[in-house]
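Read off the chains here:
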Amino acid sequence: SRSLEGEPGRILLGRIAGKVDCDPVAALDMEPEYVKAILEPLGMLEHPILFITDNQRPEILEKLLADPDIGPNIRLIPEEASWVGGDITLAVMADVFIGNPASTFSGFIAKSRVAMGYQANYMFRKKNDDGEWVEVCDKIRIFDHHVMDVMA
């Protein structure tokens, strides 16, 4: 399996960012400010947030849990109940999906969601000149082999 931990993840996301002009680290780091910038405008900040992880970077979950707006709404799948098929199903069926374009797992989920007509996928984002997080390309960009060829 490919590790997105540390420098390998930054290099991979950096290559994708160079092609679509998304932020080269935000989707890897999942800072509370980044997550809130997605959920708040959708009115989803008060709803349960299912956190699916491979546990490569436990500090991400720790930061989200410590955030007063996000932390109380975080839900975790118990380790004994977690398996890749179930995790994918939950993510595909979610109201909102926040993923990492450098992750093949996130890519599969986003592609499945687009194919099923779900619009709330957040993969390719950056801050605009006003400091607001915005999408930098449309939802079907996840299928663009000129962008995603770095995953091969």
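The model shown is predicted, which means the values in this text are computed figures rather than measured ones.

Regarding the overall build of the protein
What the protein contains, in helices and strands, is seven helices and six strands. If you list the helices and strands of the protein from N to C, you get α-α-α-β-α-β-α-β-α-β-β-β-α. Overall, the protein is about 40 × 40 × 35 Å in size when its C-alpha atoms are taken along their principal axes. Long-range pairs, those at least 24 residues apart, make up 58% of the contacts in the protein with a sequence separation of at least 6. Carbon and sulfur atoms make up 55% of the accessible area of the protein, which totals about 8,400 Å². Each charge class in the protein can be summarised by its mean position, and for the 15 positive and 25 negative side chains these summaries are 5 Å apart.

Section: the pattern of salt bridges
According to the stated counting rule, one finds nine salt bridges in the structure shown. Residue Lys126 pairs with Asp21 through a salt bridge whose shortest N-O separation is 2.5 Å. Taken together, the residues span a long stretch of sequence, with Lys126 in strand β5 (residues 125-127) and Asp21 in the loop between α1 (7-20) and α2 (26-29) at a distance of 105 residues. Classification of Asp21 by relative accessible area gives partly exposed; the value is 45%.

A short note on the nonpolar core
Counting residues in each nonpolar core, the largest one holds 38 residues, and the members touching the most others are Tyr34, Leu39, Leu64, Ile70, Ile74, Val96 and Phe124. Elements that contribute at least two residues to this core include exactly α1, α2, α3 (32-39), β1 (49-51), α4 (58-66), α5 (84-93) and α6 (104-115). In terms of residue count, α1 provides more of this core than any other element does, five residues in total. Aside from chain neighbours lying at most four places away, what touches Leu64 is Met30, Glu31, Pro32, Val35, Phe51, Ile70, Gly71 and Ile74.

Describing the packing of aromatic side chains
Two numbers describe a pair of aromatic rings. These are the distance of the centres and the angle of the planes. In the structure shown here, the tally under the stated rule is one aromatic pair. Judged by centre distance (4.9 Å) and plane angle (85 degrees), the rings of Tyr34 and Trp133 are edge-to-face. With a gap of 99 residues between them, Tyr34 in helix α3 and Trp133 in strand β6 (residues 133-135) connect regions that are remote in the sequence.

Considerations on the confidence of the model for the protein
Summarising the model, the protein shows a mean pLDDT of 87, and 91% of its residues fall at 70 or more. The element-level mean pLDDT for the protein is lowest in helix α7 (residues 145-148), coming to 65, with α3 highest at 97.

Section: unusual backbone geometry
Unusually for a residue other than glycine, Asp21 sits at a positive phi of about 70 degrees. Positive phi values are uncommon outside glycine, yet Met30 reaches one of about 45 degrees. Looking at where Met30 falls in the secondary structure, it is placed in the loop between α2 and α3.

What about the side chain of Ser106?
Position of Ser106 among the secondary structure elements: in helix α6. In terms of polar contacts, Ser106 uses its side chain to reach the backbone amide nitrogen of Asn100, at 3.2 Å. Discounting residues that sit within four places of it in the chain, Ser106 has contacts with Phe97, Gly99, Asn100 and Met123.

Cut-off values and rules
Residues numbered from 1 in each chain as written. Predicted model: local features only at pLDDT ≥ 70, side-chain atom pairs only at ≥ 80, totals over all residues. Heavy atoms only, no water. Helix = DSSP H or I, 4+ residues; strand = E, 2+ residues; numbered from the N terminus. Contact = heavy atoms within 4.5 Å. Areas by Shrake-Rupley, 256 points an atom, 1.4 Å probe, with all protein chains shown as cover. Lys, Arg positive; Asp, Glu negative; His and termini not counted. Charge placed at Lys NZ, Arg CZ, Asp CG, Glu CD. Salt bridge = Lys/Arg side-chain N within 4 Å of Asp/Glu carboxyl O. Buried < 20%, exposed > 50% of the residue type's maximum accessible area, 1.4 Å probe, protein only. Core = buried A, V, L, I, M, F, W, Y, C linked by side-chain atoms within 4.5 Å. Phe/Tyr/Trp six-rings, centres within 6.5 Å; stacked < 30°, edge-to-face > 60°. pLDDT = per-residue confidence, 0-100. Polar contact = N/O pair within 3.5 Å; in protein donor to acceptor, adjacent residues only side chain to side chain.

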